[in-house]
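Take a look at the letters that make up each chain.
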Amino acid sequence: MSVQKIKEDVFSLRANDWDRTLFDELIPLPDGTSYNAYVVKGKNKIVLIDTVDPRKTKELIDDLKSLDLHRIDYIVSQHSEQDHSGSIPEILKMYPMAEVVTNKKGKEFLTELVKVPEDKFLVIEDMGTIDIGGKTLKFIFTPWVHWPETFSTYLEEDKILFTCDFFGSHIATNDLFATNEGKVMEAAKRYYSEIMVPFRTSIRSNLQKIKDFDFEIIAPSHGCIYQNPKMITDAYSDWSSDDVKNTVVIPYLSMHGSIQKFVDRFVRKLQEKGIDARPFDVVTADIGNMAMALIDAATIVIASPTMLSGVHPKIAYVAYLANVLRPKAKFASVIGSYDWGGREVDVLSGLLGNLKVEMIPPVLIKGDGREEDLKGIDDLAERISQKHRSINL
Ligand SMILES: Cc1cc2nc3c(=O)[nH]c(=O)nc-3n(C[C@H](O)[C@H](O)[C@H](O)COP(=O)(O)O)c2cc1C
């Protein structure tokens, strides 16, 4: 953890989690992640914006000590999830006079999740302000990025927008700012692909809402700070739009090589048609890479052997994940291999009920197929190509 100055009397207190390998016990973290708290010193009051994951509380406490803060008046909790709120009880022990600033919903969550006592809260309204002496905090409710209570804080005089999870990225780094743009945007996309992707509608309305504010810096509570906020707001506009790319994501699995053979052929046929084919062997793939590819793929094709009348359980897991992430794909299909029969397509269709996709007829092949059966794979690639052209891809 380290204290870094952002502007006069505004500090970043970042706890890098270099060694964390999984987020939410789900998405791999090739570059770790971070939990960022911020201190804003006004002439009259001192504010801590967000805290850190409980496993990093000691680092936050050391940073606060190094800043030699004799008091904290407000702990602004923009998001009640434990990786940002988990240290609040310990910080309250250090600074018992501090009030926990949050909205009504945040108060409910913090009471339940981290047991903040009832008398510690200062409940704010949307667009409410707090004057801390020469600096003004304005609270902008940005719900459902990704919980219902989430809000952002605009520091008017310094033109900084603190956004907590909104615009976050999974990266542990010593760079205060997003200077390594390629790396940070990849980390932001990985973050978006799990946390934000189901909330496209809320993201769009929150992007509209924050447009009214003249901010020069976005300071999220994961990853780097953006000195060029347009870089990340433009990416969010693109990711949350209805636009899809000329991409087919193909989660697949093969026990004896049949599906592997079909997928290899399918990928080649798609590539010949200029389509970006993205196969993911679900047994070995980084599921985060697959989630990132799902953000804006036009089509998903799931390829599985029939197993016990349905699909392989590892494919069922990925189908379930795609269904809850609700990516904006327009088309879907299935490639299957079987020996005696089953309900593979029905099972997969049942797992993908959330997706607003047009189903393209599946290709089911016995065993590893004969040459005439494999033509079905080529036909599927051609149908997908036609569908993509029909939406101008
Ligand atoms: C545990 C297990 C269960 C299976 N259940 C079915 C089934 O219910 N129906 C069927 O037609 N084939 C079933 N199969 C056969 C496979 O679907 C078939 O061999 C397929 O071609 C395997 O594809 P792969 O070579 O890509 O692994 C089963 C195979 C295994 C190993």
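Residues numbered from 1 in each chain as written. Predicted model: local features only at pLDDT ≥ 70, side-chain atom pairs only at ≥ 80, totals over all residues. Heavy atoms only, no water.

## Digging into the overall build of the protein chain
At step 1: When its secondary structure is counted, the protein chain shows 12 helices and 21 strands.
At step 2: Each principal axis of the C-alpha atoms in the protein chain carries an extent, and together these give about 80 × 40 × 35 Å.
At step 3: Evaluated residue by residue, the protein chain yields a buried proportion of 59% over its 393 residues.
At step 4: Counting only contacts in the protein chain whose residues sit at least 6 apart along the sequence, the fraction spanning at least 24 positions is 72%. (Helix = DSSP H or I, 4+ residues; strand = E, 2+ residues; numbered from the N terminus. Buried < 20%, exposed > 50% of the residue type's maximum accessible area, 1.4 Å probe, protein only. Contact = heavy atoms within 4.5 Å.)

## Overview of the packing of helix α9 (residues 287-294) against helix α10 (residues 313-325)
At step 1: The contact between α9 and α10 brings their axes to 11 Å, and the two run at 40 degrees. In terms of orientation, α9 lies oblique with respect to α10. Taken as a pair, α9 and α10 cross one another with a handedness that is right-handed. Side by side, α9 and α10 meet where Ile-287, Met-290, Ala-291 and Leu-294 of the first sit next to Val-318, Leu-321, Ala-322 and Leu-325 of the second.
At step 2: Across the contact of α9 with α10, the residue classes break down as 8 nonpolar, no polar and no charged. (Axes fitted to C-alpha atoms, helices over the stretch in contact; angles between N-to-C directions. Parallel < 35°, antiparallel > 145°, perpendicular 65-115°, else oblique. Left-handed = near helix turned anticlockwise from the far one by under 90°. Nonpolar A, V, L, I, M, F, W, Y, C, P; charged D, E, K, R; others polar.)

## Some remarks on the site of the ligand
At step 1: Close to the ligand lie 17 residues; Ser-254, Met-255, Thr-306, Ser-309 and Ser-337 are nearest.
At step 2: One nitrogen or oxygen atom from the side chain of Ser-258 is found 2.7 Å from an oxygen atom belonging to the ligand.
At step 3: Between the ligand and Ile-259, the relevant distance is 2.8 Å, taken from an oxygen atom to a main-chain nitrogen or oxygen of the residue.
At step 4: When the free accessible area of the ligand is taken as 640 Å², the share hidden by the protein chains comes to 84%.
At step 5: Among the elements of the structure, α8 (258-272), β17 (297-307) and β19 (331-338) are those that each provide at least two residues to the shell around the ligand.
At step 6: With 3 residues, the top contributor of residues to the shell around the ligand is β17. (Near = heavy atom within 4 Å. Polar contact = N/O pair within 3.5 Å; in protein donor to acceptor, adjacent residues only side chain to side chain. Areas by Shrake-Rupley, 256 points an atom, 1.4 Å probe, with all protein chains shown as cover.)

## Examining the UniProt feature "domain: Flavodoxin-like" (unreviewed entry) in the protein chain
At step 1: The feature "domain: Flavodoxin-like" (unreviewed entry), as annotated in UniProt, sits at residues 248-385 in this numbering.
At step 2: Along residues 248-385, the helical share is 43% and the strand share 28%, with 10 Å between the first and last C-alpha atoms. (UniProt positions renumbered as here; feature names shortened; annotations may be inferred.)

## Some words on the nonpolar core
For soluble globular proteins, nonpolar side chains are generally found buried alongside one another.
At step 1: Among the nonpolar cores identified, the biggest contains 61 residues, and Phe-167, Tyr-226 and Tyr-236 are the most heavily contacted of them.
At step 2: Secondary-structure elements contributing two or more residues to this core are α5 (181-196), α6 (200-210), α7 (229-240), α9, β17, α10, β19 and α11 (344-351).
At step 3: The greatest single-element share of this core, amounting to 8 residues, is contributed by α5.
At step 4: Formed by 26 residues, the second largest nonpolar core is a distinct cluster that contains Leu-67, Ala-98, Val-100 and Phe-121. (Core = buried A, V, L, I, M, F, W, Y, C linked by side-chain atoms within 4.5 Å.)

## Observations regarding the sheet that holds strand β9 (residues 121-123)
At step 1: Read from one edge to the other, the open sheet built from 7 strands follows the order β1-β2-β5-β6-β7-β8-β9, with strand pairing classed as mixed. With one partner strand each, in any of the chains shown, β1 (2-7) and β9 form the two edges of the open sheet. Averaged over all pairs of adjacent strands, the angle between strand axes in this sheet comes to 25 degrees, irrespective of strand direction.
At step 2: Bridge count for strand β5 (residues 33-41) against strand β6 (residues 46-49) is 4 bridges, and the pairing is antiparallel. Residue Lys-41 lies in a different strand from β6, and its bridge partner there is Ile-46.
At step 3: Across the sheet, helix α1 (residues 57-66) touches β1, β2 (10-17), β5 and β6, and the angle it forms with β2 is around 155 degrees. (Pairing = 2+ DSSP bridges.)

## Focus: α6
At step 1: For α6, the full list of buried residues reads Arg-200, Ser-202, Ile-203, Asn-206, Leu-207 and Ile-210. Take α6 and look down its axis: the buried residues cluster within an arc of 155 degrees, on one side only.
At step 2: Buried residues along α6 sit against β11 (136-141), β13 (160-164), α5 and α7. (Arc of directions from axis to C-beta.)

## Side note on the sheet that holds strand β14 (residues 217-220)
At step 1: Strand order in this open sheet of 5 strands is β10-β11-β12-β13-β14, and the pairing throughout is mixed. Every interior strand has two partners, whereas the edge strands, β10 (129-131) and β14, have only one. Across the sheet, the axes of successive neighbouring strands diverge by a mean angle of 20 degrees, strand direction being ignored.
At step 2: When β13 meets β14, the two strands line up parallel, connected through 4 bridges. Counted as the bridge partner of Phe-162 is Ala-219 from β14.

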